[in-house]
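# Geometric and topological summary
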Amino acid sequence: MLFYRIDDWSDAYTNGGNIPRGEAWPEVWVEPARLYRERMIEAGRARLDLSYGANPRNRFDLFLPQGTPKGLVVYVHGGYWQALDKSYWSHLANGSIEHGFAVAMPSYTLCPDARVGDIVQEVAAAISDAAGEIDGPIHLTGHSAGGHLVTRMVAETSPLPNDVRSRVRTVVSISGVHDLRPLVNTNLNAKLRLDDEEAAQESPVLMRPGRDTRLFCWVGANERSEFVRQNTLMASVWLGLGAETGAYAEPDKHHFTIVDGLADPHHPLVKTLLS
């Protein structure tokens, strides 16, 4: 029998340093995102920097399809709750836009200027404001820390108002970190400032799913083993608590390329999100 133990938790959650040419990200996303925004602005289908709160980063971009939207998709970015913003991901709206959905992409206050629990509340406010702009069903997706944040929105203790929560159909967490307790032991915690109590309080895997929750957990098969484990763990736990769940490890994808499918209207990731 073989036993496995993690001795270096920081390495277990380090992505760029464990991916060949990993230093190329996040800059790889900058130009495609910029070009997509310009195209949508020229078409009159982009509303940028809409305010949803008082803090400087409380802004979201809203991209519109041709014609009346079928509903709303919200994409929440990652960066371990302490890096990046909405501008890196604009092109990932394309897959949902081509299916007739509007797409909102919020920024939020980063750690250490906010705690993880504060960010949860900000994301709920962003989703609520975007929902006020677009009628119809709501589909949520997020990457890495964003996967945690969108999953948190459909837990039994969701911070979303009831009228907004009732419109949420499908949530797709992409490479989500759903159990925050291991992060207490990483160098990431210098900015996250998590203690054991807060890490447990904000871990969806330790919560019950809300009513009518439909959650799909999607990860790259070539990711760090902790992300693959967390992906399966989240889907498995909530399945046992009555939610409709699924889990998939996409072949030949790592932590950064796993989001690429969102830009392709024919990709199974988009089809799962909009199902």
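Under the annotation held in an unreviewed UniProt entry, the protein carries the name Alpha/beta hydrolase and is attributed to Rhizobium lemnae.

Take the overall build of the protein next. The helix and strand inventory of the protein stands at ten helices and eight strands. The C-alpha radius of gyration of the protein comes to 17 Å, within 12% of the 19 Å expected for a compact globule of 275 residues. Along the three orthogonal principal directions, the C-alpha set of the protein runs to about 60 × 40 × 35 Å. Here the protein, with 275 residues, has 56% of them falling under the buried criterion. Element-wise, carbon and sulfur atoms account for 50% of the exposed surface of the protein, whose accessible area totals about 11,900 Å². Side chains of the protein give 26 positive and 34 negative charges; the mean places of these two sets differ by 4 Å.

Among the secondary structure elements, Arg 59 is positioned in strand S2 (residues 59–63). Given the relative accessible area of 27%, Arg 59 is considered partly exposed. For the pair Arg 59 and Met 1, spaced 58 residues apart in sequence, the C-alpha separation works out to 52 Å. Polar side-chain contacts of Arg 59 include one of 3.4 Å to the side chain of Ser 51.

This part covers the sheet that holds strand S8 (residues 244–250). Pairing in this open sheet of eight strands is mixed, and the strands run S1-S2-S4-S3-S5-S6-S7-S8 from one edge to the other. What marks the edges here is a single partner per strand, and that holds for strand S1 (46–51) and S8. Put simply, the sheet's adjacent strands are angled 20° from each other on average, direction ignored. Both strand S7 (residues 214–220) and S8 contribute to a ladder of seven bridges, which runs parallel. Looking across to S8, one finds that Cys 217 is bridged to Ala 247. Seen against the sheet, helix H4 (residues 116–133) touches S1, S2, strand S3 (72–76), strand S4 (102–106) and strand S5 (138–143) and runs at an angle of roughly 35° to S2.

The next subject is empty space enclosed by the protein. Considering all chains together, one arrives at one cavity of 30 Å³ or more under this definition. Volume-wise, the largest cavity comes out at about 50 Å³. Residue lining of the largest cavity: Val 73, Tyr 75, Leu 92, Ala 93, Ser 96, Val 103, Thr 141, Leu 262 and Leu 273, and that is the complete set.

As a further point, take the pairing of S2. Along S2, four of the five residues are buried, which leaves the element largely enclosed by surrounding structure. Relative to S2, S1 is paired through four bridges, and the arrangement is antiparallel. By the bridge assignment, Ser 51 is partnered in S2 with Arg 59. Of the strand pairs in this sheet, S2 and S4 are connected by four bridges, and their pairing is antiparallel. Each residue of the ladder has a partner; that of Leu 62, found in S4, is Ala 104.

This next bit is on the layout of surface pockets. Its boundaries defined by the atoms lining it, the largest pocket holds a volume of some 280 Å³. Taken together, 18 residues line the largest pocket, and the ones lying closest to its centre are Gly 79, Tyr 80, Ala 83, Leu 84 and Phe 256. Split into classes, the residues belonging to the lining of the largest pocket amount to nine nonpolar, nine polar and no charged. Here the second largest pocket is characterised by a volume of approximately 190 Å³. In terms of lining, the second largest pocket is formed by 13 residues, of which the most central are Arg 165, Ser 166, Gly 210, Arg 211 and Asp 212. Every element with two or more residues in the lining of the second largest pocket is listed here: helix H6 (162–165) and strand S6 (168–174).

Where H4 contacts helix H5 (residues 145–152), the axes come no closer than 10 Å and their chain directions differ by 65°. As H4 runs across H5, the sense of the crossing is right-handed. Of the residues in H5, those touching H4 at Val 116, Ile 119, Val 120 and Val 123 are His 148, Leu 149 and Arg 152. Counted by class, the contact of H4 with H5 contains five nonpolar, one polar and one charged residues.

Tracing the chain through its elements places Val 103 in strand S4. Placed 40 residues apart in sequence, Val 103 and His 143 show a C-alpha to C-alpha distance of 15 Å. Residues in contact with Val 103, not counting those within four places in the same chain, are Asp 61, Leu 62, Phe 63, Val 73, Ala 93, Ser 96 and Ile 97.

Rules behind the numbers
Residues numbered from 1 in each chain as written. Predicted model: local features only at pLDDT ≥ 70, side-chain atom pairs only at ≥ 80, totals over all residues. Heavy atoms only, no water. Helix = DSSP H or I, 4+ residues; strand = E, 2+ residues; numbered from the N terminus. Rg over C-alpha atoms; globule rule 2.2 N^0.38 Å. Buried < 20%, exposed > 50% of the residue type's maximum accessible area, 1.4 Å probe, protein only. Areas by Shrake-Rupley, 256 points an atom, 1.4 Å probe, with all protein chains shown as cover. Lys, Arg positive; Asp, Glu negative; His and termini not counted. Charge placed at Lys NZ, Arg CZ, Asp CG, Glu CD. Polar contact = N/O pair within 3.5 Å; in protein donor to acceptor, adjacent residues only side chain to side chain. Pairing = 2+ DSSP bridges. Axes fitted to C-alpha atoms, helices over the stretch in contact; angles between N-to-C directions. Contact = heavy atoms within 4.5 Å. 1 Å grid on protein atoms, 1.4 Å probe; cavity = no way out; pocket = protein on both sides within 12 Å on 5 of 7 lines; lining within 4 Å. Points joined across faces, edges and corners; volume = space filled by probe spheres on them. Nonpolar A, V, L, I, M, F, W, Y, C, P; charged D, E, K, R; others polar. Left-handed = near helix turned anticlockwise from the far one by under 90°.

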